[in-house]
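# Report on the structure
Given next are the chains, with one letter for each unit.
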Amino acid sequence: MVITEDGTLTPDDLPEPVPGAGEVLIEVAAAGVNRADLLQLKGLHPPPEGAATWPGLEASGTIRSLGPGVSGWSVGDRVTALLDGGGYAELALARAENLLPVPEALDLVEAAAFPEALGTLWSNLAAVPDLDGPAALIGAAGEEPPATGRTILVHGGSGGVGSIAIQLCTTLGARVLTTAGGPERTARCLDLGAVAAIDHRSEDFVERVRELTDGRGVDVVLDPIGAAYLEKNISVLAAHGHLVVIGMQKGTKGTLNLAPMLYRWLSLHGTALRARPQPEKAAIMADVRRRAWPLVTRGTVQAVVHERLPLTEAMAAHRLLADGVAFGKVLLLP
Ligand SMILES: NC(=O)c1ccc[n+]([C@@H]2O[C@H](COP(=O)([O-])OP(=O)(O)OC[C@H]3O[C@@H](n4cnc5c(N)ncnc54)[C@H](OP(=O)(O)O)[C@@H]3O)[C@@H](O)[C@H]2O)c1
């Protein structure tokens, strides 16, 4: 599905890609739709140099061929991959370093729901020193970590990233508060493990977080909203708290009052996964594979799939995200 000049998607026939050094070619079973794909159609969030120019940041499927120098993977392996772009297709190129193995017990289509969310969450939350401790307890042996007693506010627990964030952070032992739009969506966030879900359409999350934490505030805010929430997010952080900004849905520029940052020893983190150099992505995906992927393969963290649509209906899939209808992931099937 290529991007037209007027910013929509249309099917096109392109030559079969040939995997280069360190790459594999995947026969796509499903591609995950991300909000970043919507931005790409508007000319924002461009693909890194050399990547496919059509959208698709994650795809699952079967390896069809291997490029030179690839080891540890074979033709026919079931995989899911973090991509630089190009997942909205029947065939997609992926760096072998960015693959996760999909066991028989895991639905190959649903496996497309994970790479972007896990890569984003792991790289952001592991960057927070206090959270890396409990994360480190998750190993291949798969013992559940003890509760950390830390509290995280996950904004947009109803989204593709947020629905995985609630489950992952809960499993890591944190107490998860979340926001979502409307009573049905907040109720579903509670089902995913959040201890409280605040309706951002009708409630003031600052007030509610204060009530829910007896005035203490939260240790971490995971925020895809950006400018509109900047001051509020700082105000709900407990001493030594961390604001982790992963999105800018409501603006890029805000006013940051440094006084609470200093006097309550706060920190502000921000990262974008797609723009990272490949060696950093490879390190993130290796960490995801070692420490987060076992939680998925044994079913503790599950895909939340709103709808599976044919690939040719990619524009309809984008509208489900743009209109705030999708709960969890929308997947495209070639
Ligand atoms: N930094 C990175 O590397 C990285 C990687 C992946 C994604 N992201 C970002 O993460 C965000 C989520 O991506 P996605 O693909 O999961 O998108 P998505 O499925 O469309 O989710 C968007 C979420 O934002 C929530 N939201 C909208 N307005 C809100 C508000 N005022 N208060 C609280 N929540 C609000 C929505 O909740 P309701 O619909 O229930 O209102 C929904 O849960 C996007 O901003 C994306 O750009 C960043």
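Residues numbered from 1 in each chain as written. Predicted model: local features only at pLDDT ≥ 70, side-chain atom pairs only at ≥ 80, totals over all residues. Heavy atoms only, no water.

## Brief notes about the overall build of the protein chain
- Looking only at helices and strands, one finds ten helices and 15 strands in the protein chain.
- The C-alpha atoms of the protein chain give 19 Å as radius of gyration, which agrees with the globular expectation for 334 residues (20 Å, within 12%).
- Along the first, second and third principal axes, the C-alpha set of the protein chain runs to 60 × 50 × 35 Å.
- Each of the 334 residues in the protein chain was classed as buried or not, and the buried ones make up 53%.
- Contacts in the protein chain between residues far apart in sequence, at least 24 positions, make up 69% of those at least 6 positions apart. (Helix = DSSP H or I, 4+ residues; strand = E, 2+ residues; numbered from the N terminus. Rg over C-alpha atoms; globule rule 2.2 N^0.38 Å. Buried < 20%, exposed > 50% of the residue type's maximum accessible area, 1.4 Å probe, protein only. Contact = heavy atoms within 4.5 Å.)

## Notes on the packing of helix H2 (residues 115-125) against helix H4 (residues 160-171)
- Between H2 and H4, whose axes approach to 9 Å, the crossing angle comes to 55°. Judged by the angle between their axes, H2 and H4 are oblique. Every pair of crossing elements has a handedness; the one defined by H2 and H4 is right-handed. Packed against H2, whose contacting residues are Ala117, Leu118, Leu121, Trp122 and Leu125, the element H4 presents Gly160, Val161, Ile164, Ala165, Leu168 and Cys169 at the interface. (Axes fitted to C-alpha atoms, helices over the stretch in contact; angles between N-to-C directions. Parallel < 35°, antiparallel > 145°, perpendicular 65-115°, else oblique. Left-handed = near helix turned anticlockwise from the far one by under 90°.)

## Some thoughts on the domain arrangement of the protein chain
- Parsing the protein chain into structural domains produces domain 1 (2-114 + 303-333) and domain 2 (119-270).
- Contact between domain 1 and domain 2 buries roughly 890 Å² in total, counting both sides, with carbon and sulfur atoms accounting for 59%.
- Viewed at the interface, domain 2 and domain 1 are joined by zero salt bridges.
- The interface formed by domain 1 and domain 2 contains four residue pairs in polar contact (both at pLDDT 80 or more).
- Residue composition of the side of domain 1 that touches domain 2, by class: six nonpolar, two polar and two charged. (Domains from an automatic or database assignment. Buried area = accessible area lost by both parts, 1.4 Å probe. Salt bridge = Lys/Arg side-chain N within 4 Å of Asp/Glu carboxyl O. Polar contact = N/O pair within 3.5 Å; in protein donor to acceptor, adjacent residues only side chain to side chain. Nonpolar A, V, L, I, M, F, W, Y, C, P; charged D, E, K, R; others polar.)

## Regarding the nonpolar core
- By size, the foremost hydrophobic cluster in this structure holds 47 residues, and its most contacted members are Phe114, Leu118, Leu168, Val288 and Trp293.
- When residues of this core are traced back to their parent elements, those giving at least two are strand S3 (23-32), H2, strand S8 (151-155), H4, strand S9 (175-180), strand S11 (218-223) and helix H9 (278-297).
- Ranked by residue count, the leading element in this core is H9, at seven residues.
- When residues of this core are assigned to domains, at least three map to each of domain 1 (2-114 + 303-333) and domain 2 (119-270).
- Every residue in contact with phenylalanine 114, bar those within four places of it in the chain, is listed here: Glu58, Gly119, Ile164, Trp293, Val296, Val301, Gln302 and Ala303.
- Formed by 30 residues, the second largest nonpolar core is a distinct cluster that contains Leu9, Tyr88, Ala92 and Val330. (Core = buried A, V, L, I, M, F, W, Y, C linked by side-chain atoms within 4.5 Å.)

## Quick look at the sheet that holds strand S10 (residues 196-199)
- Spatial strand order, S10-S9-S8-S11-S12-S13: six strands in an open sheet with parallel pairing. The strands lining the two open edges of the sheet, one partner per strand, are S10 and strand S13 (267-270). Strand-to-strand, the axes of this sheet are offset by a mean angle of 15°, without reference to chain direction.
- Note: S8 against S9, five bridges, orientation parallel. Within the sheet, the bridge partner assigned to isoleucine 152 lies in S9 and is valine 176. (Pairing = 2+ DSSP bridges.)

## Digging into the site of the ligand
- Contacts to the ligand come from 25 residues, most closely from Arg35, Ser158, His200, Tyr229 and Thr271.
- In the model, an oxygen atom of the ligand is placed 2.7 Å from a nitrogen or oxygen of the arginine 35 side chain.
- Here an oxygen atom of the ligand and a side-chain polar atom of arginine 185 are 2.8 Å apart.
- Relative to its unbound accessible surface of 920 Å², the ligand loses 90% to contact with the protein.
- Taken together, the residues of the shell around the ligand sort by class into nine nonpolar, twelve polar and four charged.
- A domain split of the shell around the ligand shows at least three residues from each of domain 1 (2-114 + 303-333) and domain 2 (119-270). (Near = heavy atom within 4 Å. Areas by Shrake-Rupley, 256 points an atom, 1.4 Å probe, with all protein chains shown as cover.)

## As for the packing of aromatic side chains
- Taken as a whole and assessed by the stated rule, the structure comprises two aromatic pairs.
- Here the aromatic rings of phenylalanine 114 and tryptophan 293 are separated by 5.7 Å at their centres, their planes lie at 80°, and the arrangement is edge-to-face. With a gap of 179 residues between them, phenylalanine 114 in the loop between strand S7 (99-101) and H2 and tryptophan 293 in helix H9 connect regions that are remote in the sequence. No difference in accessibility class separates phenylalanine 114 from tryptophan 293, as the two residues are buried.
- Across the ring face of phenylalanine 327, the terminal group of arginine 188 is positioned such that the distance to the ring centre comes to 4.1 Å. (Phe/Tyr/Trp six-rings, centres within 6.5 Å; stacked < 30°, edge-to-face > 60°. Lys NZ or Arg CZ within 6 Å of the ring centre and 35° of its normal.)

## Side note on the packing of H2 against H9
- In the contact formed by H2 and H9, the axes pass within 10 Å of each other and the chain directions differ by 110°. In terms of orientation, H2 lies roughly perpendicular with respect to H9. In this structure, H2 uses Pro115, Leu118, Gly119, Trp122 and Ser123 to contact H9, whose residues at the interface are Ile284, Met285, Asp287, Val288, Arg291, Ala292, Trp293 and Val296.

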